[in-house]
Amino acid sequence: MELLVRYLDRRNSVSSDMTQDLINEETLRDDLRYYFMSPCEKYRTRRHIPWKMGVQILKIVMITTQLILFGLNNQLVVAYKEETTIALKNLFLKGYTGADEDDYSVAVYTQQAVFDSLFYILDQYSQLGQLSVGPISYAEEDGKLLPLSICKEYYRKGNLEPSDEAYDIDAHLETECMSHDPRTANMWRTQNASFFSFDFYRLVDITISFHLKGINLQTVRHRELPDCYSFHVTIIFDNQCHSGKVKLFLDIDAESNTCKDWKISGTAQKNTHYLLVFDGFVILVCITSAALCTRSIILAVKLLQRFSQFFKENFNRKVCEDDQKEFLNGWYLLVIVSDLLAIVGSILKMEIQAKSLTSYDVCSIFLGTSTLLVWVGVIRYLGYFQKYNVLILTMKAAFPKVLRFCCCAGMIYLGYTFCGWIVLGPYHEKFEGLSRVAECLFSLLNGDDMFTTFAQLKDKNILVWLFSRAYLYSFISLFIYMVLSLFIALITDSYETIKNYQRDGFPLTDLQKFLLGHKDFPVQEEIGQTEVELSNSIRHCYCCQRAPPPDDVILIS
């Protein structure tokens, strides 16, 4: 009788353990199913409101609105700088036609023209207040006007006799400078006559530099506080080539800063307060979004640990890398990065609105990149629909092969780039620099501007002209008819493969089998120490137990 009681107790204990194991398994399966559900399915299953999706939708609207408001303001800043540059070129460069010639503004060809252009700059600068129609004036520092400076750079000594084909040049360069009060700059020609005596065969360049101040008042009409600007203007007479052509360059380094003493009445200040409140709300939404995504990542890691422990205890198996990647959602990382960029950009924008900073370009980079990533993140929610998910799956399948293909094609592209620069650079403006060559070849690759590239090549050198034809024809034929076609074929093949998988079903992994309730997981037996290395080398290949791909999908295997 006692033996019968012990037997029944042991049977009940085993039955209880098996029941608890089944409960744990079903609980894990339910949690996994819930984790991989779409927001709508989660709401229908457990009536959980999809806060994360709602925050993302709100964030898209707010960040896009913020970007548009800042972009309109930034356009005013850029337009002011560009128009100020054109105005100063018209003020100080004699003979400026309103458009630059290649990379320079004006060119002179006689000694008298050089002197006329030089003294024209001094005359115009000395009477700037009576000539300029814009709010611009001389720069001051500690109550004193910053001087205008002129520097000439020339060879230390030299003697040229072109008719005898003889020269004697000391290659060392010397620089001589002078500066004076801006309002009396036009008197320099008489007071410093010796400085303006040039030996043009020794002269390398003349540099004139001065500082100006300006205020961008156009932002007032758009209910924004105006910015104050400091302009460092540099005018260069470039004679380095000594070809008889002196090029004039005018370069402006514009730096915006907060005005020291300002007062404004109307609605600009009130509008600024509203924008600051809006930017603060954007930061709060981004912090909430980042916190929710971080929470989801933590939950995913814990769920992966539970799933891995279950497989280890019940089947003595490790979860394969493909199944592990299902838990590590890259979209959450993308959202967190976009949130961080948006927070930094919003803080910079608030500082700019408050006139504490003037880093418009840095702020635009942060806001623009964050908006790009936010809109890219929308694809995640479209991926829950099979017809829209084909784009994501195709990109994911084709990306590794496309990347390797581009590395190989890039070697050929770089070869053509260096070859075109060294051979055609002196004869064609599109091949003058490595970056310009790369841009020109990329345009040809896309079928843009082909005839112009052929026609603009100077045909004075028949050998270079013949080489250019062979060079351009071979590049266009190779990249358009072969490389580009193969590139498209890779993506097309991946797309067709994904379509077939969507029709016939994707290969099931251990995770997907577990979610479907399968029980046929073979238990891996213990292995000896001498077999560890061999087991580790083949475990990744078999842990997912996928069916071997057919021969027609070798391109994305």
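Residues numbered from 1 in each chain as written. Predicted model: local features only at pLDDT ≥ 70, side-chain atom pairs only at ≥ 80, totals over all residues. Heavy atoms only, no water.

## What to know about the nonpolar core
Consideration 1: Within the largest apolar cluster, 46 residues are counted, with the highest numbers of intra-cluster contacts made by Phe-92, Leu-212, Ile-235 and Phe-237.
Consideration 2: No other element matches helix α4 (residues 111-126), which puts 7 residues into this core.
Consideration 3: Among the domains, domain 1 (50-71 + 274-384) and domain 2 (98-159 + 167-258) are the pair contributing at least three residues each to this core.
Consideration 4: Once you skip the residues sitting within four places of it in the chain, Leu-212 turns out to touch Leu-88, Tyr-125, Leu-128, Ile-136, Ser-137, Tyr-138, Ala-139, Tyr-229, Ser-230, Phe-231 and Val-233. (Core = buried A, V, L, I, M, F, W, Y, C linked by side-chain atoms within 4.5 Å. Buried < 20%, exposed > 50% of the residue type's maximum accessible area, 1.4 Å probe, protein only. Helix = DSSP H or I, 4+ residues; strand = E, 2+ residues; numbered from the N terminus. Domains from an automatic or database assignment. Contact = heavy atoms within 4.5 Å.)

## Details of a negative patch on the surface
Consideration 1: Where like charges cluster on the molecular surface, the negative patch consists of Glu-101, Asp-102, Asp-103 and Glu-429.
Consideration 2: With respect to the secondary-structure elements, Glu-101 resides in the loop between α3 (51-92) and β1 (106-108). (Patch = residues over 30% accessible without salt bridge, like charges linked within 9 Å, V, L, I, M, F, W, Y side chains within 5 Å. Areas by Shrake-Rupley, 256 points an atom, 1.4 Å probe, with all protein chains shown as cover. Salt bridge = Lys/Arg side-chain N within 4 Å of Asp/Glu carboxyl O. Lys, Arg positive; Asp, Glu negative; His and termini not counted. Charge placed at Lys NZ, Arg CZ, Asp CG, Glu CD.)

## Quick word on the UniProt feature "transmembrane region" (unreviewed entry) in the chain
Consideration 1: The UniProt feature table records "transmembrane region" (unreviewed entry) at residues 274-298, 331-348, 360-382, 402-424 and 470-491.
Consideration 2: Secondary structure across residues 274-298 divides into 100% helix and 0% strand, with the first and last C-alpha atoms of the span separated by 37 Å.
Consideration 3: Within the segment residues 470-491, helix and strand shares are 100% and 0% respectively, and the terminal C-alpha atoms sit 31 Å apart. (UniProt positions renumbered as here; feature names shortened; annotations may be inferred.)

## Things to note about the packing of α3 against helix α9 (residues 330-353)
Consideration 1: At a minimum axis separation of 11 Å, α3 and α9 run at an interaxial angle of 40°. Between α3 and α9 lies a crossing whose hand is left-handed. Contacts between α3 and α9 pair Lys-52, Gln-56, Lys-59, Ile-63, Gln-66, Phe-70 and Asn-73 from the former with Tyr-332, Val-335, Ser-338, Asp-339, Ala-342, Ser-346, Lys-349, Ile-352 and Gln-353 from the latter. (Axes fitted to C-alpha atoms, helices over the stretch in contact; angles between N-to-C directions. Left-handed = near helix turned anticlockwise from the far one by under 90°.)

## Notes on unusual backbone geometry
Consideration 1: You will see that His-242, though not glycine, has its phi angle at about 50°, which is positive.
Consideration 2: Structurally, His-242 is set in the loop between β10 (227-238) and β11 (246-257).
Consideration 3: Positive phi is not limited to glycine here, since Asp-449 has a value of about 60°.
Consideration 4: Topologically, Asp-449 is positioned in the loop between α13 (434-445) and α14 (450-455).

## Structural notes on α4
Consideration 1: The end-to-end C-alpha separation of α4 is 23 Å, in line with the 22 Å expected for 16 residues at 1.5 Å each.
Consideration 2: Among the residues of α4, those classed as buried are Val-114, Phe-115, Ser-117, Leu-118, Phe-119, Ile-121, Leu-122, Gln-124, Tyr-125 and Ser-126. (Expected span 1.5 Å × (residues − 1).)

## A few points about the packing of aromatic side chains
In this description, an aromatic ring pair is defined by two values, namely the gap between the centres and the angle between the planes.
Consideration 1: Applying the stated criterion to the full structure yields 22 aromatic pairs.
Consideration 2: Note on Tyr-80 and Phe-231: the rings are 6.3 Å apart at their centroids and 45° apart in plane angle, and the pair reads as tilted. One end of the pair, Tyr-80, is in helix α3; the other, Phe-231, is in strand β10, with 151 residues separating them in the sequence. Taken individually, Tyr-80 and Phe-231 each receive the classification buried, so the pair is uniform in this respect.
Consideration 3: With 5.1 Å between their ring centres and 70° between their planes, Tyr-125 and Tyr-138 make a pair best called edge-to-face. Taken together, the residues Tyr-125 in helix α4 and Tyr-138 in strand β2 (residues 136-138) connect sequence positions 13 residues apart.
Consideration 4: Accessibility expressed as a relative area gives 15% for Tyr-138, which makes it buried.
Consideration 5: Members of the aromatic cluster, each reached through a chain of ring pairs, are Tyr-413, Tyr-416, Phe-431, Phe-467, Tyr-471, Phe-475 and Phe-479. (Phe/Tyr/Trp six-rings, centres within 6.5 Å; stacked < 30°, edge-to-face > 60°.)

## A short note on the pairing of strand β9 (residues 203-216)
Consideration 1: Most of β9 is tucked away: 10 of the 14 residues are buried.
Consideration 2: Strand direction decides the pairing type here: β2 and β9, joined by 3 bridges, are antiparallel. Opposite Ile-136, over in β9, you have Gly-214 as the bridge partner.
Consideration 3: Here strand β5 (residues 148-155) pairs with β9 via 6 bridges, running antiparallel. Residue pairing for β9: Glu-153 is matched across the bridge by Asp-205.
Consideration 4: Examined bridge by bridge, β9 and β10 share 12 bridges and lie antiparallel to one another. For Ile-208, the partnering residue across the bridge sits in β10 and is Ile-235. (Pairing = 2+ DSSP bridges.)

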